[in-house]
Amino acid sequence: YAAKVRSAGVMRFERAQDHYDPERLAMVGELGRAMAQDELVLHFQPKVALDSGEVTGVEALLRWQHPRHGLLFPDRFLPLAEQTGLIDPLTDWVLDRALRQLTALGLPPQARVSVNVSARNLGQQPFADRVLDALGRNGIAAERLVLEITETAAFADLERASAVLRSLDEAGIAISLDDFGQGHTSIGHLSTLHLSELKIDRAFVGDMLTDLAHGAIVRSLVELAHNLGLTVVAEGVEDDDTREALRDLGCDEGQGYGIGRPVPAAQLTEWLSRNRHEPAAR
Ligand code: C2E
Ligand code: MG
Ligand code: MG
Ligand code: MG
């Protein structure tokens, strides 16, 4: 049973109880306002090549500076955005802001910015055009953008998603599959999503040195990615031992608190200038 509530033309509730939770309902209205009033902010987390220590890019991560609740992380408001259709304007906002900020971050010239995209965004063919518009508007080459598909929801229409991703891939944008191993995406999807990159979920990476099964999964995923011609990134690298083990396994890139935390743009620029000439710990 799916109750449908129409409000402001965009809100579609999929579960009946959402309708009756006044706090959630209030937040939906506020989220629309937050975009207009600049309460949203991007934090940036570096991604490095594990062999050279070179910064290959940054991931843009959304935060909401809420006037009453303080700094909110995406788990507090993204599910709501996905359930109400607000995820489309939200992704547009993140994309535009990330591309607008990119040049000023002080990254190496080839480094890229990764933006998270919900599987829901891919349900619409015009999505590819909106991404290309955002690149054009901000004067950023397609080769500097990575779209990370965050599989919080299964692909409703895999064929359509695949067509949208093909357009993006053909335009030169890299497609990355986020959180692989924990979500809804199966191994079969790896060949239909026009991927360039696979991100191994941090649930496996975090304890890969103490949990033998997780260690084996990480090793196999690195090999699987390479056999498919994909760059492989480990997320959730929290210490140097894990970083070294991943490098020894041939994992291409790493990201995590042990390398650099997600921080506001100004702090990222500082981090970059401090880390510019320091190769990875060996
Ligand atoms: P994700 O894309 O897998 O991003 C990585 C998440 O792990 C981030 O959480 C990051 O802060 C956290 N993280 C990074 N390194 C470490 C580590 O070493 N240890 C641990 N424990 N955590 C680490 P965050 O920022 O709370 O984002 C959570 C999720 O929300 C993201 O997971 C992504 O799926 C989603 N998200 C974030 N920003 C956006 C956005 O702009 N659009 C969409 N659609 N989703 C977003
Ligand atoms: Mg991501
Ligand atoms: Mg991830
Ligand atoms: Mg994750």
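From a predicted model like this one, the values you see are computed outputs, not experimental measurements.

Draft legend 1. Inspection of the nonpolar core at higher detail. If you look at the biggest cluster of nonpolar residues, it comprises 80 residues, and the most contacted ones within it are Leu-145, Leu-147 and Leu-168. Considering every element that reaches this core, the biggest residue donor is helix α4 (residues 87–102), with eight residues.

Draft legend 2. Geometry of the site of ligand 1. Taken together, 23 residues lie near ligand 1, and Arg-63, Asp-178, Arg-202, Glu-238 and Tyr-257 sit nearest. Here an oxygen atom of ligand 1 and a side-chain polar atom of Arg-202 are 2.6 Å apart. One of the side-chain N or O atoms of Glu-238 is found 2.5 Å from a nitrogen atom in ligand 1. If ligand 1 stood free it would expose 800 Å²; the protein chains cover 86% of that surface. Put simply, the parts of the chain that give the shell around ligand 1 at least two residues each are β2 (55–66), α3 (74–84), β4 (112–118), β5 (145–150) and β6 (174–180).

Draft legend 3. Representation of α4 in the model. Helix length check: α4, at 16 residues, gives a terminal C-alpha distance of 22 Å against a target of 22 Å (1.5 Å per residue), a fit within 8%. Counting buried positions along α4 yields 12 of 16 residues, so the element is predominantly enclosed. Looking only at α4, the buried set comprises Ile-87, Asp-88, Leu-90, Thr-91, Trp-93, Val-94, Leu-95, Asp-96, Arg-97, Ala-98, Leu-99 and Leu-102.

Draft legend 4. Looking closely at the coordination of the magnesium ion (ligand 4). At the metal site, the magnesium ion (ligand 4) is ligated by Asp-179 (OD) and Glu-235 (OE), and these contacts range over 2.3 to 2.6 Å. In this model, the magnesium ion (ligand 4) sits 3.1 Å from the magnesium ion (ligand 3), the two metals being bridged by Asp-179. Of this pair, Asp-179 sits in strand β6 while Glu-235 is found in strand β8 (residues 231–235), placing the two residues 56 residues apart along the sequence. On the basis of relative accessible area, Asp-179 is assigned to the partly exposed category, the value being 22%. Its relative accessible area of 10% is what places Glu-235 among the buried residues.

Draft legend 5. Structural detail: the coordination of the magnesium ion (ligand 3). In this structure, Asp-178 (OD), Asp-179 (OD) and Glu-235 (OE) serve as the protein donors to the magnesium ion (ligand 3), at separations of 1.9 to 2.4 Å. When the donor residues of the magnesium ion (ligand 3) are listed from N- to C-terminus, their spacing reads D-D-x55-E. A gap of 3.7 Å separates the magnesium ion (ligand 3) and the magnesium ion (ligand 2), which Asp-178 links by coordinating each metal. Within this pair, whereas Asp-178 is found in strand β6, its partner Glu-235 is found in strand β8, the two being separated by 57 residues in sequence. Looking at Asp-178, the relative accessible area reads 4%, which means it is buried.

Draft legend 6. Structural view of the environment of Arg-202. Along the chain, the position of Arg-202 falls in helix α7 (residues 202–205). With relative accessibility at 56%, the residue Arg-202 sits in the exposed group. Counting along the chain gives 23 residues from Arg-202 to Asp-179, while the straight-line C-alpha distance between them is 7.2 Å.

Draft legend 7. Structural context of the packing of aromatic side chains. Evaluation of the coordinates by the stated rule reveals one aromatic pair. Arg-261 extends its terminal NZ or CZ atom over the ring of Tyr-257, reaching a point 4.0 Å from the ring centre.

Draft legend 8. Just the packing of α4 against helix α5 (residues 126–138), in detail. Between α4 and α5, the shortest axis-to-axis distance is 9 Å and the interhelical angle comes to 25°. Between α4 and α5, the angle falls in the class roughly parallel. Read as a crossing pair, α4 and α5 show a hand that is right-handed. Each of Asp-88, Thr-91, Asp-92, Leu-95, Asp-96, Leu-99 and Arg-100 in α4 lies in contact with α5, whose residues at this interface are Phe-127, Arg-130, Val-131, Ala-134, Leu-135, Arg-137 and Asn-138. In terms of residue class, the contact of α4 with α5 is built from six nonpolar, two polar and six charged.

Draft legend 9. Representation of the confidence of the model for the protein chain in the model. On average, residues of the protein chain carry a pLDDT of 89, and 90% of them reach 70 or more. Below a pLDDT of 50 lies the segment residues 1–14, which in the model reaches 28 contacts outside its immediate sequence neighbourhood of four places, other chains included. Scoring the predicted complex yields pTM 0.92 and, for the interface, ipTM 0.98.

Draft legend 10. View of α5. With 13 residues, α5 ought to run about 18 Å at 1.5 Å a step, and its terminal C-alpha atoms sit 19 Å apart, in line with that. Looking at the buried side of α5, the elements it contacts are α4, β4, β5 and α6 (158–170).

Cut-offs applied
- Residues numbered from 1 in each chain as written.
- Chains lettered and ligands numbered in written order.
- Predicted model: local features only at pLDDT ≥ 70, side-chain atom pairs only at ≥ 80, totals over all residues.
- Heavy atoms only, no water.
- Core = buried A, V, L, I, M, F, W, Y, C linked by side-chain atoms within 4.5 Å.
- Buried < 20%, exposed > 50% of the residue type's maximum accessible area, 1.4 Å probe, protein only.
- Helix = DSSP H or I, 4+ residues; strand = E, 2+ residues; numbered from the N terminus.
- Near = heavy atom within 4 Å.
- Polar contact = N/O pair within 3.5 Å; in protein donor to acceptor, adjacent residues only side chain to side chain.
- Areas by Shrake-Rupley, 256 points an atom, 1.4 Å probe, with all protein chains shown as cover.
- Expected span 1.5 Å × (residues − 1).
- Donors = N, O, S within 2.8 Å, 3.2 Å for Na, K, Ca; no water.
- Phe/Tyr/Trp six-rings, centres within 6.5 Å; stacked < 30°, edge-to-face > 60°.
- Lys NZ or Arg CZ within 6 Å of the ring centre and 35° of its normal.
- Axes fitted to C-alpha atoms, helices over the stretch in contact; angles between N-to-C directions.
- Parallel < 35°, antiparallel > 145°, perpendicular 65-115°, else oblique.
- Left-handed = near helix turned anticlockwise from the far one by under 90°.
- Contact = heavy atoms within 4.5 Å.
- Nonpolar A, V, L, I, M, F, W, Y, C, P; charged D, E, K, R; others polar.
- pLDDT = per-residue confidence, 0-100.

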